[in-house]
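Given next are the chains, with one letter for each unit.
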Amino acid sequence: MEIKLIQNEYEKEIVDLILNIQQKEFNVPITLEDQPDLLNIKNFYFESGGCFLGAFIDGKLVGTIALVKFNAEDGAIRKMFVRKEYRGKDYSIAQQLLEQLIRYSEENGLKNLYLGTVTILQAALRFYERNNFITIPKESLPGDFPIMRPDNVFCHLQLNQTK
């Protein structure tokens, strides 16, 4: 498996992966129109100092994770998706994607990571809890946190500042 920074050149694969998981697997009421970031990855994620990572097996995109840097010290995790057939401990794709995103965040001076998700994604919530994220009330989010409409559960991770 290879994890690398990806941008608009993978737009079709990214949209296909994410929309299929959101709409078909989990019936999350979200469309491509609700997620304009997917059609402008370079500007939405990279311009502010964030990133978009893709996990590839045999040249096929099998997982994604993204970071939106929304102020000097805080970032939001977005677009954490792994194809169903590549989930779990056999591959550890989600774990490797998250660890690489955390390293990137720390190297770029972030002190906090936040994320929003939906209640139905219980396995995702357990995954974040195992990785030391703490569930927080919406009111505890920074005022400039970019909330997505369907999100109703929010988590926070304070990063280790080794510098």
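Scroll up to find the structure.
Calculation notes
Residues numbered from 1 in each chain as written. Predicted model: local features only at pLDDT ≥ 70, side-chain atom pairs only at ≥ 80, totals over all residues. Heavy atoms only, no water. 1 Å grid on protein atoms, 1.4 Å probe; cavity = no way out; pocket = protein on both sides within 12 Å on 5 of 7 lines; lining within 4 Å. Points joined across faces, edges and corners; volume = space filled by probe spheres on them. Nonpolar A, V, L, I, M, F, W, Y, C, P; charged D, E, K, R; others polar. Helix = DSSP H or I, 4+ residues; strand = E, 2+ residues; numbered from the N terminus. Buried < 20%, exposed > 50% of the residue type's maximum accessible area, 1.4 Å probe, protein only. Contact = heavy atoms within 4.5 Å. Pairing = 2+ DSSP bridges. Axes fitted to C-alpha atoms, helices over the stretch in contact; angles between N-to-C directions.

**Q** Mind showing me how you'd approach the layout of surface pockets here?
**A** The gaps of empty space that remain are located by a probe, the size of a water molecule, rolled over the atoms. Counted as a void, the largest pocket has a volume near 970 Å³. In terms of lining, the largest pocket is formed by 36 residues, of which the most central are Met 80, Phe 81, Ala 123, Ala 124 and Tyr 128. For the lining of the largest pocket, a count of residues per class yields 21 nonpolar, 8 polar and 7 charged.

**Q** Please explain the side chain of Gln 22 as it appears in this structure.
**A** Its place among the elements puts Gln 22 in helix 1 (residues 11-25). Look at Gln 22 and you get buried, because its relative accessible area is 7%. With near-sequence residues (within four places) excluded, Gln 22 lies in contact with Asn 27, Val 28, Ile 30, Gln 35, Lys 79 and Phe 81.

**Q** Which parts of the structure should I look at to understand the pairing of strand 3 (residues 60-69)?
**A** On a regular strand, one side chain projects to one face of the sheet and the next to the other, so that they alternate. Of all 10 residues that make up strand 3, 8 are buried, and the element is covered over most of its length. Inspection of the sheet shows strand 2 (residues 51-57) paired to strand 3 by 7 bridges, in the antiparallel sense. Bridge assignment links Phe 56 to a residue of strand 3, and that residue is Leu 61. As paired strands, strand 3 and strand 4 (residues 74-82) are joined by 6 bridges and run antiparallel to one another. Bridging across to strand 4, Thr 64 finds its partner in Phe 81. Here strand 3 hands over to strand 4 after 4 residues, the two strands then running antiparallel side by side.

**Q** Which parts of the structure should I look at to understand the sheet that holds strand 1 (residues 2-5)?
**A** Whether parallel or antiparallel, the strands of a sheet pair through hydrogen bonds between backbone atoms. The strand order across the open sheet built from 7 strands is 1-2-3-4-5-7-6, with neighbouring strands paired in mixed fashion. Among the strands making up the open sheet, the edge pair consists of strand 1 and strand 6 (134-136). Strand after strand, the sheet turns through a mean of 30° between neighbouring axes, direction not considered. As defined by bridge partners, strand 4 adjoins strand 5 (residues 112-117) across 4 bridges and the pair is classed as parallel. If you follow Asp 74 over to strand 5, its bridge partner there is Asn 112. Helix 3 (residues 93-107) rests against strand 1, strand 2, strand 3, strand 4, strand 5 and strand 7 (153-158) of the sheet, and its axis sits at about 30° to strand 3.

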